[in-house]
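The lines below spell out each chain.
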Amino acid sequence: MTMTNQKPLLSKFLSFLLLSLSLCGYEPLMMANELIPVGVVLDLKSPVGRVAERYMFMALSDFYAVNHIYSTRLSLITKDSGNDVIAAASAALDLMKNKEVQAIIGPQSSAQARFVIELGRKAQVPIISFSATSPSLSPSQNQFFIRTTHDDSAQVKAIVDIVKAFGWWEIVLIYEDTDYSNGLIPYMLDALQEIDTRVSYRSEIHPSSNNFEISEELNKLKANHTRIFLVHMTASLGSKLFALAKNAGMMSEGYAWILTEGLSSLLDPMSSKIMDSMQGVLGIRPYLPPSKQLEDFERKWKINLTSIRTKSKSITSLNFFGLWAYDTIWALAMAVEKASMVHSTFLKQNSSDNNGDLAALGIFEMGTRLRDTILSTTFQGLSGNFHLVKGQLEPSTFELFNVIGNTERIIGYWTRQRGFSKDLNGTSERACSTSKDKLKKPIWPGDTTEQPSKLRIGVPVTSGFKEFVKVEWHSPTDDKPSISGFCIDVFYAVQEALPFPLPHEFIPYMNKDRQINGTYDKLLYQIKNQVYDAVVGDITIVANRSLYVDFTLPYTESGVSMVVLVKDDENKNLWIFLKPLSINLWLTIGAAFIFTGLVIWVLEHRVNTEFRGPPNQQLGLIFWFSFSTLAFAHREKVVNNWSRFVLIIWIFVVLILTQSYTASLTSILTVQRLQPTFVDVKEIKNNGYFVGYQNHSFVEGLLIKQLDFHESQLKPYSTSEEYHEALSKGTHNGGVAAIFDEIPYIKLFLAKYCSRYTMVGPTYKTDGFGFAFRQGSPLVPYISRAILNVTQDRDKIGAIERKYFGSQTTCEDQSATISSHGPILGVDNFSGLFLIAGIASVVSLLVYVFNFFYSHWSTLGNNPANSCWSKLVEMAKHFDKKDPHTFQREESRVHVASPNVFEHSPSIDDMQIHSRNSIEGTYDVVIHNDNGSLSSSSRHGDASMQDVPHSS
């Protein structure tokens, strides 16, 4: 054998010899140079403590086997803390005061380290911990505290990305009630809140809890609807938790468990029984890069364990805490040599034999120098690159694993810069990925690849209006029906608009006959009973339902209305010509006609021969003249200016009335052919008519509570065909007078039967269709925002509507709502016109009467014997006489051109006959008598025709 081949064997032999001597307690034989006392405080009864102690002694042997020329040697003085804070502090104080150690490695837990760090600060002794990972212990805030691992907050981002990748919107935190966990929980809560994942429950378990207490807490968690658990605790407590969780049936299908680094790093030392209870668990831990140095160490470790004949897995397996302890020894040994710690001493404050006397604690004069040297030390250790940043290690990569059998299956890696990847080569991708597609598919508890905590969505099973939700089975033995419909497609569109995946499963709400298992209210109450996480379907948003579920924004229009049968007999009505105007308007117009005729007669009676004659003819003239203006057929001329003024206003009023009447009648005869049989809910209710509603709908409660219908008047129906049959029969033949339902159903019904039915009456406000979720669900705001995006995208929502309703919109225009009031014109529509005409007539009449009384009252005032009543009688007689001034002006217009003016004129007798045959009987013939005075002949006999001389 050559010398070259003998050197590796010799080196291995020497290393093994030194390790054996070290483990057997023969340290003095090794020490030929300056011994540097270093304290070690561990819980030697714990898996971490036992493994770490052996790793450190192996590290000591390996380091000086390589660096045998160093002038310093570390001398480890181990103390057992017994998992007690006081014992750990007491051990550290004893090591500093009596052993004058120049550094302390440990203690093991964060609670113990908090006290020991204070002692180290006072004595200026570096406290180096490889297992106190609580973020509440900060090296930057404690000068002499060095953490040769990373704190727990470094893994928070990776855990949150896992939660986000699998679309878990709700989670339960389970952690032990110690400083180890309490320091991490605030960081975890803040990070989960940033991705809007709700922590529904926080379970604190004290390390001293017995099996019964842990089981009680697990039963509480099992009763909760959340099935995703994030566990952060140490190995001793975590092993009991999972064993009891399996006994409680919580390691079955539908559950998901995530382990933080503290427990994930210790899976290897656990027994096969504990590993068996953790099947399907997902964990995260720092990535351990492979190296030749690590392979050599693992081989030596196994050889060493063979010699001591241990069968404990907690001793035989590698773990991260042991590797960090190994690298800690190497870093400290390098720093001690580099800092030249030869002959370094403690400066005593005062002497005391009491180990608990803090005043007697000295100050290590080289402590600051040693601390700074450790912080600047870098090398490639077993756990990776040893490089302290702000007093602690910073991990670069985490690996995700899945517990399968007795091993951990690596499903991917995570880095802060690149996100997830299936292998380390994936980290070369530029974009940061948080998609679960970048991970291998995990196997979950229950030995299934189906992702746990899918959204359990209840779906109503309806017998009618399947355009909204349709649940159908292809065979009687088919367990998974096909579910479709408008509401389902809207949900799919909303799901695509979400910024995260939403795994779900539709569960029909049905009985053994595959029919709906109760009302919609009972379906929604299943959310409160934790049967479903949500309900999707034609679910209407109403106030009483919001007491036990949370609704999203609506995605359809809202309202409840009434559908009735229409009749087409309006054009056959004998009195249809009266329909355009109301009764009050007809009476008002008649009164206005009579009043206007009377005013014109008063104004014209004394000055116009056409308004004179017998009383019966004058009465007829009043009605004739006013009503003839309706067709502008009056032949009588008016001579009084006041009459002309009144007539101009009145003709304008008549023009407006006739045009409005014509337009309204035209509308009735041509446009409004169909009329509802009922337009008023009160009429139906007061007459005791039957009404229908959709079975299992909230409309039944609305009819009883809000509209005061008696329950005996209500009839439930399920399909549009049943609606048609019930309305066709009518309330007296076993049917109903009206159907009350929501507007989306009514539109769908009218699309099929638009020619026979119509929607009438008021619309009772509701908020339309929405998705229902458990109260406080963090999904509601996301779903609502996605609904807005979908409904405002007319192309997207329009395509869904056309898919289910597009072939049934032929009659959409004819199914428009008919108001309960027809196009009837009333007095209010023309009150202004009547007011103007009335004022004009009254003012003209008053002015005329005033002038008449003023001109004739003085002639009656000379006779004091006349009473007021007799004067009025005389005034009436004067009113019936002709106005001489007006008639004189009329007679002067008759001009005689020559003495032969009457030669060709008809005889006086003929004129008299003509006068008698006149329509009005009021025409007068005016001639000149011999005296040159005017004389007239009339039927009233004002002048004798015999006095009229014949012309020659």
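Located above this text is the structure these notes cover.
Figured I'd write up the structure that's included with this text. (Residues numbered from 1 in each chain as written. Predicted model: local features only at pLDDT ≥ 70, side-chain atom pairs only at ≥ 80, totals over all residues. Heavy atoms only, no water.)

Time to look at the sheet that holds strand β10 (residues 282-286). Spatial ordering of the open sheet is given by β7-β6-β8-β9-β10-β16-β17-β18, a layout of eight strands whose pairing is mixed. Each edge of the sheet is formed by a strand with only one pairing partner; in this case those strands are β7 (198-205) and β18 (419-421). This sheet shows a mean twist of 25° between the axes of neighbouring strands, independent of strand direction. Bridge count between strand β9 (residues 256-259) and β10: two bridges; the pairing is parallel. Opposite L259, over in β10, you have G283 as the bridge partner. (Pairing = 2+ DSSP bridges. Helix = DSSP H or I, 4+ residues; strand = E, 2+ residues; numbered from the N terminus. Axes fitted to C-alpha atoms, helices over the stretch in contact; angles between N-to-C directions.)

Along an α-helix, a turn takes 3.6 residues, which lines up residues three or four apart on a common side. Over its 22 residues, helix α18 (residues 583-604) runs 32 Å from end to end, which matches the ideal 32 Å to within 8%, given 1.5 Å per residue. Among the residues of α18, L585, I589, A592, F593, T596, G597, V599, I600, W601, V602, L603 and E604 are the ones counted as buried. (Expected span 1.5 Å × (residues − 1). Buried < 20%, exposed > 50% of the residue type's maximum accessible area, 1.4 Å probe, protein only.)

Under the 1.5 Å per step criterion, the end-to-end length of helix α8 (residues 211-223) is 18 Å for 13 residues, consistent within 8% with the ideal 18 Å. Restricting attention to buried positions, one finds in α8 the residues I214, E217, L218 and L221. Axial view of α8: buried residues confined to an arc of 100°, hence all on one face. In α8, the exposed residues that point more than 90 degrees away from the buried face are F212, K220 and A223. Of the surrounding elements, those touching the buried residues of α8 are β6 (170-176), β7, β8 (228-232) and α9 (235-247). The opening residue of α8 is N210, an N-cap whose side-chain oxygen sits 3.2 Å from the backbone nitrogen of F212. (Arc of directions from axis to C-beta. Contact = heavy atoms within 4.5 Å. Polar contact = N/O pair within 3.5 Å; in protein donor to acceptor, adjacent residues only side chain to side chain.)

Before going further, it helps to examine the packing of aromatic side chains. Two aromatic rings, taken as a pair, are described by how far apart their centres are and by the angle between their planes. What the rule picks out here adds up to 48 aromatic pairs. Each ring, one from W642 and one from F645, has its centre 6.3 Å from the other, and the planes form 85°; the classification is edge-to-face. Of this pair, W642 and F645 both sit in helix α20 (residues 641-670), three residues apart, which is roughly one turn of the helix. It is R371 that lies over the ring of F144; its NZ or CZ is 5.0 Å from the centre. (Phe/Tyr/Trp six-rings, centres within 6.5 Å; stacked < 30°, edge-to-face > 60°. Lys NZ or Arg CZ within 6 Å of the ring centre and 35° of its normal.)

Here we come to the pairing of β9. A regular strand carries its side chains on alternate faces of the sheet. Side chains A256 and I258 of β9 all project onto a buried face; the interleaved residues W257 and L259 project onto the opposite face, where all are buried too. Here β8 pairs with β9 via four bridges, running parallel. In the sheet register, V231 faces β9, and the bridge partner there is L259. This β-α-β element, β8 to α9 to β9, shows right-handed connectivity. (Right-handed = clockwise from strand over helix to strand, strands pointing away.)

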